[in-house]
Amino acid sequence: MSENNHSSSYTPRSALAKWIDKRLPLPRALHDNFSSFPTPANLNFWWTFGGILTVCLLIQIVTGIVLAMHYTPNSELAFSSVQHIMRDVNYGWLIRYVHANGSSMFFLAVYIHIFRGLYYGSYKAPRELLWMVGVVIYLLMMATAFMGYVLPWGQMSFWGATVITNLFSSIPLVGDAIVSWLWGGFAVGNPTLNRFFALHYLLPFVIVGVVLLHVWSLHVSGNGNPTGLDVKKVDKETVPFHPYYTVKDGFVIVMFLLLFAYFVFFHPNLLGHPDNYIEANPLVTPAHIVPEWYLLPFYAILRAVPSKLGGVIVMFGALGVLLLLPWLDTSKIRSAKFRPLYRQFFFIFLLVCLGLGWLGAQPAEGGYVIAARLLTVYYFAHFFVILPALGYIEKPKPMPASIEESLESKTKTEKL
Amino acid sequence: MRIFAVTFILALAFALPTHANAATGDTPPLPSIDWSFEGPFGSFDRDALRRGFKVYQEVCSACHSLQFLHYRNLSQTGGPEFTEAEVKAIAANYTVQDGPDEFGDMFDRPALPRDRFVSPFPNSQAARAANGGALPPDLSLIVNARPNGANYLYALLTSYEETPPPDLEMSDTQHYNLAMPGALIAMAPPLLEDIVEYSDNTPATVDNMSRDVTTFLAWAANPHMEQRKRIGFQVMIYLVILAGLLYFATKKLWRGRKWQQPE
């Protein structure tokens with residue numbers, strides 16, 4: 001992980017450190033990547049979400065492993081084993097509420113992180129692969145969260161699993177066979193719960209692996225920054241990651257944990273669905289089957305398309321288009337700060353995504369469906385019409401010549 | 001940048017209460033009772049919990065199980081906090097099957113504090129058969145399993161009406177209840193004035209009994225709520241202090257920085 005443009009500043013101090021450095025220079029890699037790493041000095045609040053996401057992932061893994069020690073992945077026992085955790089395991093309620101709300105916090109952070117990338121053009125050369133690896137992490141997160149939501153084996157678990165796995169039945173010819181294969185039977189049942197548990201335990205570690213690729217790629221190109229300009233003078237424009245950003249990110253991480261704790265301790269069930277406190281019952285369908293809030297925009301897109309197969313294609317297309325984004329945006333300017341038109345379209349796009357999320361929670365009928373269709377069309381138009389066209393018609397605002405110049409022109413209050 | 005922050009807050013406002021309006025049908029709006037256990041400082045009214053347990057024990061438990069509770073829970077901190085002797089006496093009223101003994105036979109014995117609450121029916125088929133085909137739901141989680149659960153439960157217990165509108169079609173086993181989605185419920189009005197004899201001087205009105213049993217069931221669904229809120233405050237105070245320290249550390253660190261990579 002040292003292909004980046006900064007030379008290693010690690011000097012082993014003891015004989016043992018020298019001995020290790022010659023054989024497995026892990027301390028050097030850690031020092032170069034997480035301590036001395038030159039980081040632009042002008043990063044703002046929105047750049048702290050990488051650190052926040054790392055914390056979220058670790059919290060989910062640690063609480064998840066403890067939960068797995070007490071949970072029983074059997075359709076007869078799963079629901080009551082969760083109640084066993086909530087009532088009889090020491091601090092089981094705390095561990096489970098942290099884990100359940102942790103997934104919401106994780107998605108909140110990842111959405112801010114993604115929209116920060118969209119605003120500041122973080123996906124542009126030379127960071128295309130960094131962005132695409134990030135999209136892969138996001139997809140893995142959604143798969144993991146979906147399977148995790150099935151494990152308590154409540155009504156929403158069961159019916160959410162039924163709806164989502166049934167999507168695959170829309171594949172021509174082999175759809176039904178694929179769905180039976182996913183279920184391990186002819187309906188969502190014990191085999192489904194068992195494999196979802198196994199995969200829900202596995203995928204977070206896959207995410208860790210892909211996150212390492214994400215960080216690796218980041219450390220090759222270096223951080224972007226709010227000006228979108230490349231670092232020209234490492235000595236003048238960057239600071240070492242530690243202590244400057246470890247402390248600054250630490251502050252924002254603690255602020256984020258305050259929000260997290262507020263949900264865990266005072267509204268632990270606000271982001272969940274009451275129906276999931278009813279044990280799964282294949283004979284009773286809930287009045288409204290809704291996924292967790294972080295999947296709602298895609299649920300709205302899925303239901304906006306009249307044909308089932310079409311809906312599935314469009315929904316996966318809405319995710320897939322993110323992989324093409326680096327080549328759909330034709331502007332050479334990275335940061336929306338200097339792109340007056342894109343800046344406005346960015347906020348419209350943000351509102352469209354929020355609107356889709358809201359529509360995803362509404363019943364699929366009447367005006368809601370029409371609105372969802374309009375917003376879905378706009379969602380794709382943003383990527384396939386607006387972004388390519390803007391690069392040609394937009395007049396960028398005057399930009400500072402370098403990060404150094406923009407740093408000098410800043411007032412003292414804005415520096416933090 | 002300010003626009004970004006405003007949008008972020010808007011996004012939160014949008015994202016959070018998505019489920020709040022998902023399950024409202026054509027029922028009248030729920031009352032908003034001032035529950036003792038609401039809010040960040042709320043704790044369960046100990047006397048209401050004990051009275052509510054009595055209502056459950058003498059009325060509800062004829063049909064409704066409380067399968068996730070053990071008798072020992074009745075003496076734990078943050079609950080009704082009966083003494084251990086009282087819990088032993090309560091449990092001894094019930095019979096559980098135990099065994100096999102050394103001859104391989106199952107035998108009946110009085111329940112002990114470590115036993116689960118004894119269910120009124122051996123299985124859901126028996127429960128349906130005894131209740132005109134309707135299944136009385138388990139009440140362990142009922143307050144969490146309904147939107148705005150405590151207010152809903154209170155409304156359900158107090159919204160029975162003697163005379164349904166003449167155009168409403170209903171069978172003999174159904175009852176008219178405005179709080180129920182569809183206004184028809186299989187459960188007959190369970191609470192009648194003075195159906196329970198309270199040992200304190202609280203009048204056993206339908207309203208009081210409904211509040212008490214709702215409080216009891218809110219505890220049954222969230223037995224660690226008081227501990228959760230207490231720890232929550234400690235965590236929040238700790239994090240606020242830590243955030244303050246990190247804020248000033250950040251200020252100091254960045255104020256003195258030079259635009260150079262130190263050696």
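Scroll up a little and you will see the structure.
Remember, it's a predicted structure, so these values are computed and weren't measured experimentally.

Focus on the packing of helix H5 (residues 92-119) of chain A against helix H11 (residues 241-266) of chain A
All names here are of chain A. Where H5 contacts H11, the axes come no closer than 9 Å and their chain directions differ by 130 degrees. Judged on the interaxial angle alone, H11 and H5 are oblique. The two elements H5 and H11 cross, and the hand of that crossing is right-handed. Along the contact surface, H5 presents Trp93, Leu94, Tyr97, Val98, Asn101, Gly102, Met105, Leu108 and Ala109, while H11 presents Phe256, Leu259, Phe260, Phe263, Val264 and Phe265.

Quick look at the nonpolar core
A:Phe107, A:Leu118, A:Tyr138, A:Tyr379 and B:Leu74 are the most contacted members of the largest nonpolar core, which has 175 residues in total. Those residues in contact with A:Phe107 that sit more than four places away from it in its chain are A:Tyr138, A:Met141, A:Met142, A:Ala145, A:Trp293 and A:Tyr294. Counting residues in hydrophobic clusters, the runner-up holds six residues, among them B:Leu156, B:Tyr160, B:Ala179 and B:Ile185.

Notes on the interface of chain B and chain A
Taken residue by residue, the interface counts 57 residues in chain B and 69 residues in chain A. Summing the contributions of chain B and of chain A, the shared interface buries around 5,700 Å²; its carbon and sulfur component is 74%. Linking chain B with chain A are one salt bridge. Linking chain B with chain A are seven residue pairs in polar contact (both at pLDDT 80 or more). Of all the elements in the fold, those that place two or more residues in the side of chain B that touches chain A are helix H1 (2-15), helix H6 (206-221) and helix H7 (225-255) of chain B.

Side note on the environment of A:Gln83
By secondary structure assignment, the location of A:Gln83 is in helix H4 (residues 78-87). Sequence separation between A:Gln83 and A:Tyr71 is 12 residues, and the spatial gap between their C-alpha atoms is 9.5 Å. If we skip the residues at most four places from it in the chain, A:Gln83 touches A:Asp88, A:Tyr277, B:Phe68 and B:Leu141. Polar contacts involving the side chain of A:Gln83 include one to the side chain of A:Arg87, which spans 2.9 Å.

What counts as what
Residues numbered from 1 in each chain as written. Chains lettered and ligands numbered in written order. Predicted model: local features only at pLDDT ≥ 70, side-chain atom pairs only at ≥ 80, totals over all residues. Heavy atoms only, no water. Axes fitted to C-alpha atoms, helices over the stretch in contact; angles between N-to-C directions. Helix = DSSP H or I, 4+ residues; strand = E, 2+ residues; numbered from the N terminus. Parallel < 35°, antiparallel > 145°, perpendicular 65-115°, else oblique. Left-handed = near helix turned anticlockwise from the far one by under 90°. Contact = heavy atoms within 4.5 Å. Core = buried A, V, L, I, M, F, W, Y, C linked by side-chain atoms within 4.5 Å. Buried < 20%, exposed > 50% of the residue type's maximum accessible area, 1.4 Å probe, protein only. Buried area = accessible area lost by both parts, 1.4 Å probe. Salt bridge = Lys/Arg side-chain N within 4 Å of Asp/Glu carboxyl O. Polar contact = N/O pair within 3.5 Å; in protein donor to acceptor, adjacent residues only side chain to side chain.

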